[in-house]
Amino acid sequence: MQRPACTTDFAPTGCRQLKIVIVDESPIRSLILEEGLREAGFPKVERIGEMHNLLKQIYAIDPDVILIDLENPSRDTLEQMFQVSRAVRRPIAMFVDQSDTASIQASVDAGVSAYIVDGLKKERIKSILDLCVSRFRAFSKLQDDLEQAKSDLEERKTIERAKGILMKAKKLSEEDAYKMMRGAAMRENKKIIEIARSVITAAEMFK
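Residues numbered from 1 in each chain as written. Predicted model: local features only at pLDDT ≥ 70, side-chain atom pairs only at ≥ 80, totals over all residues. Heavy atoms only, no water.

**Section: the overall build of the protein**
Now for step 1: When its secondary structure is counted, the protein shows seven helices and five strands.
Now for step 2: Counting the 207 residues in the protein, one finds 37% classified as buried.
Now for step 3: At a minimum sequence separation of 6, the contacts of the protein that also span at least 24 residues come to 66%.
Now for step 4: If you sum the accessible surface of the protein, you get close to 12300 Å²; carbon and sulfur atoms cover 52% of it. (Helix = DSSP H or I, 4+ residues; strand = E, 2+ residues; numbered from the N terminus. Buried < 20%, exposed > 50% of the residue type's maximum accessible area, 1.4 Å probe, protein only. Contact = heavy atoms within 4.5 Å. Areas by Shrake-Rupley, 256 points an atom, 1.4 Å probe, with all protein chains shown as cover.)

See the structure below:
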């Protein structure tokens, strides 16, 4: 199934009309949340009351924020919701009546933005949404920074490997090998990493 395009560019709640989905099998509990959202100025609210094909339903709605109300969830139900959190890159607030340390830790590991125990009150919904979105943005930035750092490290390794190949093949110094790749990149209007990959590919072909 094709996932919808995801973005982490969320404005503070109240600066734009967020589309919010409530995941709750209980119509009464979800109505409390929905009323609280509308009173707080969030009219674009949809409800999912059937857990079957939950991910597919969420993808179809493509919400900005997901609110999950579980009352007293079983371990299996919690794990299903944590799977949703890992799969859907969206701010997620999860409401439960009672919990334990293990479940709270599991929610953090799964990327749940706000895990609220015994906190289903209409007057708190605006502050919970703000907390949920701000935590999500902070967590997403950390993830993006980590991925960028990994990518930069891999590129440096590739460039170093390509320099080594040129140094050995053409009896060049490290500086001259780098200058050769940089010159090729400028002539061909490419990035140095692209030239480095070409050098490695060519070397592999002539082994």
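**Some details on the pattern of salt bridges**
Now for step 1: Applying the stated criterion across every chain yields a total of eleven salt bridges.
Now for step 2: One salt bridge connects lysine 179 with glutamate 175, and the closest N-O pair in it is separated by 3.4 Å. One end of the pair is lysine 179 and the other is glutamate 175, both in helix α6 (residues 174–188) and four residues apart, which spans about a single turn.
Now for step 3: On the basis of relative accessible area, lysine 179 is assigned to the partly exposed category, the value being 41%.
Now for step 4: The exposure class of glutamate 175 is exposed, given its relative accessible area of 52%.
Now for step 5: The network of salt bridges with common partners includes Asp24, Arg29 and Asp69. (Salt bridge = Lys/Arg side-chain N within 4 Å of Asp/Glu carboxyl O.)

**Comments concerning the sheet that holds strand β2 (residues 45–48)**
Now for step 1: Taken together, the five strands give an open sheet; going across it, the order is β2-β1-β3-β4-β5, and neighbouring strands pair in parallel fashion. Strand pairing shows two members of the sheet lacking a second neighbour, β2 and β5 (114–117), which therefore form its edges. Neighbour to neighbour, the strand axes of the sheet diverge by 20 degrees on average, direction disregarded.
Now for step 2: Two strands pair when backbone bridges link them, and strand β4 (residues 92–96) and β5 are joined in this way by four bridges, in the parallel orientation. Within the sheet, the bridge partner assigned to methionine 94 lies in β5 and is tyrosine 115.
Now for step 3: Most of the contacts of helix α2 (residues 54–61) go to β2, to which it runs at about 165 degrees, and overall it touches β1 (20–23), β2 and β3 (65–69). (Pairing = 2+ DSSP bridges. Axes fitted to C-alpha atoms, helices over the stretch in contact; angles between N-to-C directions.)

**Remarks on the environment of tyrosine 178**
Now for step 1: Relative to the helices and strands, tyrosine 178 resides in helix α6.
Now for step 2: Taking relative accessible area as the criterion, tyrosine 178 reaches 32% and is therefore assigned partly exposed.
Now for step 3: Along the primary structure tyrosine 178 and isoleucine 192 are separated by 14 residues, whereas in three dimensions their C-alpha atoms are 8.9 Å apart.
Now for step 4: The residues contacting tyrosine 178, other than those within four sequence positions of it, are Ile159, Lys163 and Ile192.

**Topic: the side chain of serine 30**
Now for step 1: Counting through the fold element by element, serine 30 comes out in helix α1 (residues 27–39).
Now for step 2: With sequence-adjacent residues up to four places away left out, serine 30 is seen in contact with Ile22, Asp24 and Arg47.

**A short note on the packing of helix α3 (residues 75–87) against helix α4 (residues 101–110)**
Now for step 1: Contact pair α3 / α4: the axes reach a minimum separation of 9 Å and the direction vectors enclose 20 degrees. Judged on the interaxial angle alone, α4 and α3 are roughly parallel. As α3 packs across α4, the resulting crossing turns out to be right-handed. Residues Arg75, Leu78, Phe82, Ser85 and Arg86 of α3 lie in contact with α4, whose contacting residues are Ala102, Ser103, Ala106, Ser107 and Ala110.
Now for step 2: In the contact of α3 with α4, the residues fall into five nonpolar, three polar and two charged. (Parallel < 35°, antiparallel > 145°, perpendicular 65-115°, else oblique. Left-handed = near helix turned anticlockwise from the far one by under 90°. Nonpolar A, V, L, I, M, F, W, Y, C, P; charged D, E, K, R; others polar.)

**What about a nonpolar patch on the surface?**
Now for step 1: A cluster of nonpolar side chains, contributed by Ile104, Val108 and Val117, occupies part of the molecular surface with about 220 Å² of accessible area.
Now for step 2: With respect to the helices and strands, valine 117 occurs in strand β5. (Patch = residues over 30% accessible without salt bridge, like charges linked within 9 Å, V, L, I, M, F, W, Y side chains within 5 Å.)

**Points about α2**
Now for step 1: Within the span of α2, buried status applies to Leu54, Ile58, Tyr59 and Ile61. Seen from one end, α2 has its buried residues packed into an arc of 165 degrees, which puts them on one side. For α2, the exposed residues set more than 90 degrees away from the buried face come down to Lys56 and Ala60.
Now for step 2: Residues of α2 that are buried in the fold lie against β1, β2, β3 and α3.
Now for step 3: The positive-phi residue at the C-terminal boundary of α2 is aspartate 62, with phi of around 55 degrees. (Arc of directions from axis to C-beta.)

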